[in-house]
Amino acid sequence: MKPAELEAELASGRIRPAYLVVGEEPLLRDEALEALRQAVLDPGSEDFNFDRLEGESVRPAALFDALGMLPVMADRRLVILREPEAARGGGKALTEALAEAVPALAGGAETVLVVAAAKVDRRSRWFKAFRDPAAEVRCDPPKPGRETLAFVREEAKRQGVLLGKGAAELLAERVGPALLLLRREIEKASLLTEPGGKVTREQVAAGTCDVADEPIWDLTDAIGEGRSADALVVLAKVLGAGAVPPQLLAALATHFRKLLRMRTGGSAPGPPFVVKKLERQAGRYAPRRLRFCLNAIHETDIALKGAGALSADTALERLVIGLSS
Amino acid sequence: MKLSIAQNELQKGLARIQSIVEKRNTMPILANALIEATKGKGKNSGALSLAATDLEVGIRGTHPATVETAGAVTASAKKLFEIVRELPEEPVEISVTSNSYLEIRCARAQFSLAGSSAAEYPTLPTFSADNTATVPSLLLGEMIEKTMYAACTDETRYNLNGVYLEILEDSAKLRMVATDGHRLSYVDRALGTDLSGLSNGVIIPRKGLAELKRLVDEDDADEVAIGFDGNSGVACKGDVTLFMRLIEGEFPKYQQVIPNEIKSQLVIEVAGLTQALRRVALLSAERSRAVKFELTEGRLCLSSNNPDLGEAREELDVDYAGEELSIAFNARYMLDALNAVRAKEVHLGFQDSMSPARIVPTDDDDSLAVVMPMRV
């Protein structure tokens, strides 16, 4: 289930004996845990009915102790275990204990166990033990683009921040699907305008750093579509994010081999939208030009290995201009 | 800086600060002791002050010394203690060179220890004596002992990471309470002093409390002055001052988990129950350490069950004529509580099999322990 479905289920009064909150987006995980905490614990007695255990340091005995306690002055206890596989060796003793403890929770209504983790081994015995009594709450980050933009709009609405034309798009583009950071950037952007005023695209451009990860295909697409200026911007970002030049050259060579294959009557594997995109890009080049491009990539590779006088960044910039123009 | 001090006095001062100095090395200067020499009014009089802090807890002790030149420096508290501990019981001469090296001489031994400027050391807080109350050391030590075991060790639950201290206005008693959510302990004591200057409702962190206990256990003064101001606490005993940063948070409303309607109660000898509990706990499930208490007329039966090892059972004759009751507890929590009450006999009270147990010493109505039950 998604976090919103969890909230709806909790609002309807249904509380399960166990939950597995899994996903790499910490904001969604924290919000799911907070929703569970509010639904399970009675205010006033929560300090006596709540245990929070860290997988990195907790011993199985402490888990069983926490699960074995009876609630005090309340109907339920809540036990939150974070990152059960974080201990050395994958936390084998703890995960074995979890596999044993979770089925036993199915019959009782007094203790709610919540396991939260960024990643889990889905083949493990403990993960499978969660299938029956528990619900899995997926907290994956939204996809870049439409889903991230939807979050920006929703979050701005929640914070009461009015975003002017293009501001939401720029926030989503610059920050990417990092929700905690997006939340902070929206808060920050709201300070740049007077109360009740709209945050403009210019204010976002001036106040928000470009921290979103650029996938390598943004670079190959910009080159293939002949957008030289965009290609140089993406190249700088990709290099700034730590990509190594040989890796970039390999990606460019693969891309241009695909274009040459398609241009000479062959095919390239991939989903239909990728094939369509490659066909469109291949149409821009003559076969002879594509061979020339592959040769330029090869020469840049040799130059980067010590034969050239240019720095790696400059050699790559020259190549990108040559390939995209 | 140049001074001379008795070896045992210096060793005592350095021993006192060892538990305070920062061991995690997050700020290297915090592994040092701040050494300050001040000259007195008379010839050959003066004092050596030794201080340490980890920014949460700090301590400063002042010791008589013959100070020729006043000054201050910092040096590794551990290494200095190791050196001084091995010195013969003769006067120790300490001087500081221009590059902050400590020259230590005692009898025919000589050390040159690297130090650093005192200006780099964090400033220890100062405290007004107006906000303090003087309390007997012995009583304060007893109160800490009876409560500290129940404080929570999980650092994420910061509001439970210490002992809550409040003044009971109706009886002018001082109360200390601690809980980790699984057990609770409180003790009330009339200290026979004016407590009006004390701030009410503060949470003293575990580390600060452990240092306070160490301080009150020293046998050179009968009283200790304690005080709280904002988020700081202070305890002064003789020439030693202990500072601590108080926990900012709301202590839970603990009164509601103390069972008031006791339906089943018995008086039991602590030693007999403790020994039986230890024996039976040997075969409790390693995971939960659960021991079952079954009360029937004139008998308390303790039993445990470990699927991998077997079972244990022990019966105790008790003066009990109430309803039959079956309830389980984590043996460790029950043993901790029985050990901390330091009584010969206790009233062991139960409301029902799902509610916490109440332990009150028969000779002390002002202290109490509560242990939450487990699923049998």
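Residues numbered from 1 in each chain as written. Chains lettered and ligands numbered in written order. Predicted model: local features only at pLDDT ≥ 70, side-chain atom pairs only at ≥ 80, totals over all residues. Heavy atoms only, no water.

Trainee: Residues and numbers for the overall build of chain B, please.
Mentor: The number of helices and strands found in chain B is six helices and 25 strands. Dimensions of chain B along its principal axes, counting C-alpha atoms only, are 80 × 50 × 35 Å. Within chain B, buried positions represent 52% of all 376 residues. At a minimum sequence separation of 6, the contacts of chain B that also span at least 24 residues come to 65%. (Helix = DSSP H or I, 4+ residues; strand = E, 2+ residues; numbered from the N terminus. Buried < 20%, exposed > 50% of the residue type's maximum accessible area, 1.4 Å probe, protein only. Contact = heavy atoms within 4.5 Å.)

Trainee: An account of the interface of chain A and chain B is needed here, citing residue identities and associated values.
Mentor: Each side of the interface is counted separately: chain A has 23 residues, and chain B has 26 residues. A combined buried area of about 2,100 Å² lies between chain A and chain B, and 54% of that area is made up of carbon and sulfur atoms. The largest contributions to the chain A side of the interface with chain B come from Asp47, Phe48 and Leu70 of chain A, which together make up 33% of the buried area. Among the salt bridges present, the one from Arg375 of chain B reaches Glu110 of chain A, with a minimum N-O distance of 3.0 Å. Between the two partners, chain A and chain B, sit 13 residue pairs in polar contact (both at pLDDT 80 or more). Of all the secondary-structure elements, those providing two or more residues to the side of chain A that touches chain B are strand E2 (50-54) and helix H3 (60-68) of chain A. Considering each element in turn, the side of chain A that touches chain B owes the most residues, six residues, to H3 of chain A. Residues belonging to the side of chain A that touches chain B are distributed by class as follows: eleven nonpolar, four polar and eight charged. (Buried area = accessible area lost by both parts, 1.4 Å probe. Salt bridge = Lys/Arg side-chain N within 4 Å of Asp/Glu carboxyl O. Polar contact = N/O pair within 3.5 Å; in protein donor to acceptor, adjacent residues only side chain to side chain. Nonpolar A, V, L, I, M, F, W, Y, C, P; charged D, E, K, R; others polar.)

Trainee: Describe the domain arrangement of chain B, with residues and values.
Mentor: One frequent convention defines the size of an interface as the accessible area lost when the parts assemble. When its domains are assigned, chain B resolves into domain 1 (2-120), domain 2 (129-254) and domain 3 (258-371). A separation of 50 Å is found between the C-alpha centroids of domain 1 of chain B and domain 3 of chain B. (Domains from an automatic or database assignment.)

Trainee: Give a description of the pairing of strand E17 (residues 240-245) of chain B that names residues and reports values.
Mentor: Residues and elements named next belong to chain B. Most of E17 is tucked away, with five of its six residues classed as buried. In this sheet, E17 lies alongside strand E4 (residues 57-64) in antiparallel orientation, the contact comprising five bridges. Bridge pairing links Ile59 to Leu242 in E17. What sits between the antiparallel neighbours strand E16 (residues 232-237) and E17 is a turn of two residues, in which Gly238 has the positive phi angle 60 degrees. (Pairing = 2+ DSSP bridges.)

Trainee: Explain unusual backbone geometry to me, using residue names and the numbers behind them.
Mentor: Even without being glycine, Met73 of chain A reaches a positive phi, approximately 55 degrees. By the secondary structure assignment, Met73 of chain A is in the loop between H3 and strand E3 (77-82). Phi angles above zero are rare outside glycine, and Leu55 of chain B is one such case at about 75 degrees. As for its position among the elements, Leu55 of chain B is in the loop between strand E3 (46-53) and E4.

Trainee: Please provide a residue-by-residue account of the nonpolar core, values included.
Mentor: Ranked by internal contacts, the top residues of the largest apolar core, which has 125 residues, are Ile35, Leu184, Phe293, Leu302 and Ile359 of chain B. The dominant element in this core, judged by the number of residues it contributes, is helix H6 (residues 331-341) of chain B, at eight residues. Apart from residues no more than four positions distant in its own chain, Leu184 of chain B is found in contact with Phe48 of chain A together with Tyr149, Ala150, Val177, Ala178, Thr179, Tyr254, Val257, Ile258, Leu368, Ala369 and Val370 of chain B. The next biggest cluster of nonpolar side chains, apart from the first, holds 39 residues, and it includes Ile80, Leu182, Ala189 and Val204 of chain A. (Core = buried A, V, L, I, M, F, W, Y, C linked by side-chain atoms within 4.5 Å.)

Trainee: Provide a residue-level description of the confidence of the model for chain A, including the pertinent values.
Mentor: Here chain A shows a mean pLDDT of 87. Residues at 70 or above account for 97%. The secondary structure element of chain A with the lowest average pLDDT is helix H9 (residues 201-207) of chain A, at 82, and the one with the highest is E3 of chain A, at 94. (pLDDT = per-residue confidence, 0-100.)

Trainee: Any chance you could break down the sheet that holds E2 of chain A for me, citing the residues and the numbers?
Mentor: All names here are of chain A. Strands sit in the order E2-E3-E4-E1-E5 across an open sheet of five strands; the sheet is parallel. Unpaired on one side and paired on the other, E2 and strand E5 (134-138) mark the two borders of the sheet. Ignoring strand direction, the axes of neighbouring strands in this sheet form an average angle of 15 degrees. Relative to E5, strand E1 (residues 18-22) runs parallel, the two sharing five bridges. When the sheet's bridge partners are listed, Val22 is paired in E5 with Arg138. (Axes fitted to C-alpha atoms, helices over the stretch in contact; angles between N-to-C directions.)

Trainee: How would you explain the environment of Ala66 of chain A if you had to name every residue and give the values?
Mentor: With respect to the helices and strands, Ala66 of chain A occurs in helix H3. The spatial distance from the C-alpha of Ala66 of chain A to the C-alpha of Leu53 of chain A is 8.9 Å, given a sequence separation of 13 residues.

Trainee: Break down helix H10 (residues 216-224) of chain A for me, citing the residues and quoting the values.
Mentor: Residues and elements named next belong to chain A. Of the residues making up H10, those classed as buried are Leu219, Thr220, Asp221, Ala222, Ile223 and Gly224. On its buried face, H10 sits against helix H11 (228-240), helix H12 (245-263), helix H13 (272-282) and helix H15 (312-324). One or two residues past the end of H10 sits Gly226, with phi positive at roughly 80 degrees.

Trainee: Outline helix H2 (residues 26-40) of chain A, supporting the account with residue identities and numerical values.
Mentor: Residues and elements named next belong to chain A. Spanning 15 residues, H2 covers 21 Å between terminal C-alpha atoms, matching the ideal 21 Å at 1.5 Å per step. Those residues of H2 that sit buried are Leu27, Leu28, Arg29, Ala32, Leu33, Ala35, Leu36 and Val40. Capping the start of H2 is the job of one residue whose side-chain oxygen sits 3.1 Å from the backbone nitrogen of Leu27: Glu25. (Expected span 1.5 Å × (residues − 1).)

Trainee: Go over the packing of aromatic side chains with me, naming the residues and quoting the values.
Mentor: Residues and elements named next belong to chain A. Summed over all chains, the structure comprises seven aromatic pairs over all chains. With a centroid separation of 6.4 Å and 85 degrees between ring planes, the pair formed by Trp126 and Phe127 is classed as edge-to-face. Residue class for Trp126 comes out buried when judged on its relative accessible area of 2%. Connected via pairs of aromatic rings, a cluster forms that spans Trp126, Phe127 and Phe130. A cation over an aromatic ring shows up here: Arg37 above the ring of Phe50, its NZ or CZ 4.2 Å from the ring centre. Between the NZ or CZ atom of Arg284 and the centre of the ring of Tyr285, over which it lies, the distance is 5.2 Å. (Phe/Tyr/Trp six-rings, centres within 6.5 Å; stacked < 30°, edge-to-face > 60°. Lys NZ or Arg CZ within 6 Å of the ring centre and 35° of its normal.)

Trainee: Describe the environment of Ile20 of chain B, naming the residues involved and giving the relevant values.
Mentor: Residues and elements named next belong to chain B. Inspection of the secondary structure assignment puts Ile20 in the loop between helix H1 (7-17) and strand E2 (32-39). Ile20 sits 163 residues away from Arg183 along the chain, and the two C-alpha atoms are 28 Å apart. Excluding anything up to four places from it in sequence, Ile20 contacts Ala52, Thr53, Asp54, Val57, Gly58, Ile59, Lys207, Glu211 and Leu242.

Trainee: Describe the packing of H10 of chain A against H11 of chain A, naming the residues involved and giving the relevant values.
Mentor: Residue and element names in this part refer to chain A. It is at 8 Å that the axes of H10 and H11 come closest, and there the two elements cross at 160 degrees. One finds that H10 runs roughly antiparallel with respect to H11. Here H10 runs over H11; the crossing is left-handed. From H10, Ile216, Asp218, Leu219, Ala222 and Ile223 reach across to H11, where they touch Asp230, Ala231, Val234, Leu235 and Val238. Within the contact of H10 with H11, the residues separate by chemical class into eight nonpolar, no polar and two charged. (Parallel < 35°, antiparallel > 145°, perpendicular 65-115°, else oblique. Left-handed = near helix turned anticlockwise from the far one by under 90°.)

Trainee: Explain the pattern of salt bridges to me, using residue names and the numbers behind them.
Mentor: Tallying each qualifying case throughout the model produces 46 salt bridges over all chains. Put simply, Arg52 of chain A and Glu54 of chain A hold a salt bridge, and the shortest N to O gap is 3.0 Å. For Arg52 of chain A, a relative accessible area of 28% puts it in the partly exposed group. Relative accessible area serves as the criterion here: at 29%, Glu54 of chain A is assigned to the partly exposed category. When the shortest N-O distance is used, the salt bridge between Arg279 of chain B and Glu314 of chain B registers 2.8 Å. One end of the pair, Arg279 of chain B, is in helix H5 (residues 270-281); the other, Glu314 of chain B, is in strand E21 (residues 310-317), and 35 residues separate them in sequence. For Arg279 of chain B, a relative accessible area of 43% translates into the label partly exposed.

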